[in-house]
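Coordinates in review
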Amino acid sequence: MARPVLTLILVRDERVVRADFGARGGLTLRRLERPAEEDLASKVEAALAGSAPARGLAVLASEVFLTTCLLRSAALTGLTAEEARRAVGYEVESLSGRPTATSALAYAELARQGADSSFLVQELDSFELEQLEGVARRSGARLLGVAHPGALRRPLNGDGSWQRIELWPRALIAVRDGGNEPVLIAAHDPRRGWRELVTPWLREGAPCELLLGAPAFAPDAEATAPELRCDLAVDADLERFLRAWAGALREKRAAPLLRPPPRPMPTSFRVALAVLVALLVAGACFAHATLLGQRHDTLRAELLRARERTTTSRALQRSLRDVERELAEADAQLSQLERSEQRLRSSVELARTRLPAILEAIAAQRPEDMVLQSLYTDREGMHLAGLCLGPELPDQLALALEGTASAYGWSVNQARKEATSRNGTLAWEFEIVLRDVVDREGG
Amino acid sequence: MMSGDARQSFLKLILPALVIGCGYAVFHGAGLHKTGTQLETDLANARSREPSDLELTSLSAREGELRARLDSVSVAIAERERAQPATSAALLGERRRTEVLAALTRLVAAGDLALEASRPRPRSNLGRVPSRLLALGRRVGAAEPGLWEVRVVGSYPAVQEALARLADSGLGCIPLGLRMEPNAAGLPPSWTWLLWM
């Protein structure tokens, strides 16, 4: 069997009803007539026995003291919730006869009337509330709240404008639409009429529901149309009533509800929780440090790589400059070697051919009227000497030799000549010097 | 709104965590954050100077190319230097003195010249050895220049022809100087050649 989503327990003196609401709106009712237990907790425990209740458990009990009180609106201004609760408690203490210090109290503001505010107050002994919470906990449920079954501020029949008179053991309650409308609560005696009591409060023309949670003064009850009556002794009416409460609880419009005070956290649990939170924070710090450390490692690796690449690039550029310089030097050395070899080759060729070349040139250029008598070389160069019949002939020869002499490493000096008579004929002695310039000019 | 007790209780609950968190933030987290910021700045600076892959590849390729050229030129230089003695010897031609003199005698005889003398001449005023020939001689292993004197008798054209053939002969002897002296009438002049070998 599926676990219900809400369990409501209605306690009216000796009558106890358990209502389990299913997830799809189904409702199971179970009545416990005249239970032997006398206290509220025992009655609830007896109602919860047998099958597991829903996680959420609400108790509606006529044992809860319900009243209204009037307070100065400013009296609660600036007070904490606990201080305001105590202030309201002191206000209703004389009515309920329960000391505020040992009572659980819940209140809701109904309406402002000038400088005053009207409050709906519910009160129960703290001990009883704690007992109820213990019962709920033992049965695997959580106590959503405890309230008097009366003064539910929503209609039992349809929507629209409504007002209702509720008869409960020891209490008569009149409530009407509008979340903040006043609620009239008075003592109830089934032997006496009550309609006159509420007539001034009722709105004219609006239908008035009658909720019978306790025996009623018959003449007054019969004055209400049957369709507006809700008798909790009748299952259909009871179901309608409980569904209305379940709806209010679901919509969180069932205030005020008596709720168990928050249980102080055990010291060991508090310490464990503090340690857990500290561990969580320490873990978060460690995770943060680890993540940052990993990020830093990544950044360092990238930085190292970038620097290595930069260093590599600089080293390559330096190496490139060195290689370029070495290559230039090597090229120059190779060119020098080539030039040197070429010069050597030229020098050897020149040395081999210069004497035959100049002898050939002399033989070719020598004028007819010239006799070459002497030819020798020394450290200065080559000397040509002889006789000729004209003073211009040595010059002609010198001029004619200039080309060949220059090509083979000589420079031709001006011819020296001197007239002389040989056998009665005028002749000219001459000397031409071809000065050696091979080493002197670096050729 | 949280009440005073609840606030105090909550604060006690989270106090150790707060101490740990604040301690971490102050003593470690701030340092980590600063380090991270510094690293990011350094990385940005380093990346602004970092060469691209293309630049590195280009530099590396250029260096390789230049090194290859350098190696090639170095090899060429070494080969030339190693080949210098052989090259120089080839330039000078046949240098074995006996062979050279024998060839010279044949050349003189073939040129219608009469050989009168052929002898070493350590010193002569007919000419001097050019410095490049001296260097060449040292390169091929000649301890000192060897001067040789040859005296022949013959006509001017015969001497000219003989010297031309000597130049083409490939013999390792080079004429440095000569002297022509007239002889008695009707006789061809005498010639003295100064040869370097």
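So, here is what we can say about the structure in this document. Everything quoted here is computed from the prediction, not taken from an experiment. (Residues numbered from 1 in each chain as written. Chains lettered and ligands numbered in written order. Predicted model: local features only at pLDDT ≥ 70, side-chain atom pairs only at ≥ 80, totals over all residues. Heavy atoms only, no water.)

**Notes on the overall build of chain B**
In terms of regular secondary structure, chain B is built from five helices and four strands. Traced from its N-terminal end to its C-terminal end, chain B shows the element sequence α-α-α-β-α-β-α-β-β. Counting all 197 residues of chain B, 40% fall into the buried class. In chain B, 78% of the contacts between residues at least 6 apart in sequence involve partners at least 24 apart. With an accessible surface of roughly 11,000 Å², chain B has 57% of that area assigned to carbon and sulfur atoms. (Helix = DSSP H or I, 4+ residues; strand = E, 2+ residues; numbered from the N terminus. Buried < 20%, exposed > 50% of the residue type's maximum accessible area, 1.4 Å probe, protein only. Contact = heavy atoms within 4.5 Å. Areas by Shrake-Rupley, 256 points an atom, 1.4 Å probe, with all protein chains shown as cover.)

**Section: the pattern of salt bridges**
The final tally for this structure, using the stated rule, is 37 salt bridges over all chains. Here Glu 251 of chain A and Arg 154 of chain A are joined by a salt bridge, their closest N and O atoms 3.3 Å apart. Of the two residues, Glu 251 of chain A sits in the loop between helix H6 (235–250) and helix H7 (267–365) while Arg 154 of chain A sits in the loop between strand S8 (142–147) and strand S9 (163–168), which places them 97 residues apart along the sequence. Residue classification places Arg 154 of chain A among the partly exposed residues on the basis of a relative accessible area of 21%. Linked through salt bridges whose partners overlap, the residues forming this network are Arg 305 and Arg 309 of chain A together with Glu 50 and Asp 53 of chain B. (Salt bridge = Lys/Arg side-chain N within 4 Å of Asp/Glu carboxyl O.)

**Comments concerning the packing of H7 of chain A against helix H5 (residues 156–168) of chain B**
Where H7 of chain A contacts H5 of chain B, the axes come no closer than 8 Å and their chain directions differ by 150 degrees. The angle between the axes of H7 of chain A and H5 of chain B places the two elements in the roughly antiparallel class. As for how H7 of chain A packs across H5 of chain B, the hand of that crossing is left-handed. The segment H7 of chain A lies against H5 of chain B, with Arg 352, Thr 353, Leu 355, Pro 356, Ile 358, Leu 359, Glu 360, Ile 362 and Ala 363 of chain A engaging Tyr 156, Val 159, Gln 160, Leu 163, Ala 164 and Ala 167 of chain B. A breakdown of the residues in the contact of H7 of chain A with H5 of chain B according to their chemical character gives eleven nonpolar, two polar and two charged. (Axes fitted to C-alpha atoms, helices over the stretch in contact; angles between N-to-C directions. Parallel < 35°, antiparallel > 145°, perpendicular 65-115°, else oblique. Left-handed = near helix turned anticlockwise from the far one by under 90°. Nonpolar A, V, L, I, M, F, W, Y, C, P; charged D, E, K, R; others polar.)

**Some thoughts on the environment of Ser 48 of chain B**
By the secondary structure assignment, Ser 48 of chain B is in helix H1 (residues 4–49). Of the residues examined, Ser 48 of chain B reaches a relative accessible area of 59% and is grouped as exposed.

**Considering the sheet that holds strand S1 (residues 6–12) of chain A**
All names here are of chain A. Spatially, the five strands line up as an open sheet ordered S3-S2-S1-S4-S8, and their pairing is mixed. Across the chains shown, the open sheet's two edge strands, defined by having one partner strand only, are strand S3 (27–33) and S8. Across the sheet, the mean angle from the axis of one strand to that of its neighbour is 15 degrees, orientation sign disregarded. Two strands pair when backbone bridges link them, and S1 and strand S4 (residues 56–61) are joined in this way by six bridges, in the parallel orientation. (Pairing = 2+ DSSP bridges.)

**Observations regarding the interface of chain A and chain B**
Listed by partner, the interface residues are 70 residues for chain A and 69 residues for chain B. Both faces combined, the contact of chain A with chain B buries some 6,500 Å², and carbon together with sulfur accounts for 65% of it. For chain A, the biggest contributors to the area lost against chain B are Arg 309, Leu 344 and Arg 352 of chain A; these three give 11% of the whole. At the junction of chain A and chain B, the tally comes to nine salt bridges. The closest approach of N and O atoms between Glu 50 of chain B and Arg 309 of chain A, which form a salt bridge, is 2.8 Å. Between chain A and chain B we count 18 residue pairs in polar contact (both at pLDDT 80 or more) in total. Elements that contribute at least two residues to the side of chain A that touches chain B include exactly H7 and strand S14 (370–377) of chain A. In terms of residues, the side of chain A that touches chain B owes the most to one element, H7 of chain A, which gives 56 residues. (Buried area = accessible area lost by both parts, 1.4 Å probe. Polar contact = N/O pair within 3.5 Å; in protein donor to acceptor, adjacent residues only side chain to side chain.)

**Here's the deal with a positive patch on the surface**
A grouping of Arg 307, Arg 314, Arg 318 and Arg 321 of chain A together with Arg 49 of chain B is seen on the molecular surface, where their side chains present a positively charged patch. Mapped onto the fold, Arg 307 of chain A is located in helix H7. For Arg 307 of chain A, a relative accessible area of 44% translates into the label partly exposed. (Patch = residues over 30% accessible without salt bridge, like charges linked within 9 Å, V, L, I, M, F, W, Y side chains within 5 Å. Lys, Arg positive; Asp, Glu negative; His and termini not counted. Charge placed at Lys NZ, Arg CZ, Asp CG, Glu CD.)

**Topic: the packing of aromatic side chains**
If you walk through the whole model with that rule in mind, you get three aromatic pairs over all chains. Measuring from ring centre to ring centre gives 5.7 Å for Tyr 107 of chain A and Phe 119 of chain A, while their planes differ by 75 degrees; the resulting arrangement is edge-to-face. Of this pair, Tyr 107 of chain A sits in strand S6 (residues 103–113) while Phe 119 of chain A sits in strand S7 (residues 116–125), and the two are twelve residues apart along the sequence. Judged by centre distance (5.8 Å) and plane angle (65 degrees), the rings of Tyr 156 of chain B and Trp 191 of chain B are edge-to-face. One end of the pair, Tyr 156 of chain B, is in helix H5; the other, Trp 191 of chain B, is in strand S4 (residues 190–196), and 35 residues separate them in sequence. Here Tyr 156 of chain B matches Trp 191 of chain B in class, with each residue buried. (Phe/Tyr/Trp six-rings, centres within 6.5 Å; stacked < 30°, edge-to-face > 60°.)

**Here we look at the packing of H7 of chain A against helix H2 (residues 53–92) of chain B**
Between H7 of chain A and H2 of chain B, whose axes approach to 8 Å, the crossing angle comes to 20 degrees. Comparing their axes, H2 of chain B and H7 of chain A come out roughly parallel. Here the hand of the crossing between H7 of chain A and H2 of chain B comes out left-handed. Considered class by class, the residues forming the contact of H7 of chain A with H2 of chain B number 18 nonpolar, eight polar and 15 charged.

**Overview of the sheet that holds S6 of chain A**
All names here are of chain A. One open sheet holds the three strands; their spatial order is S5-S7-S6, and the pairing between them is antiparallel. The two strands at the open ends of the sheet, each matched to only one other strand, are strand S5 (65–72) and S6. Within this sheet the neighbouring strands show an average axis-to-axis angle of 25 degrees, counted without direction.

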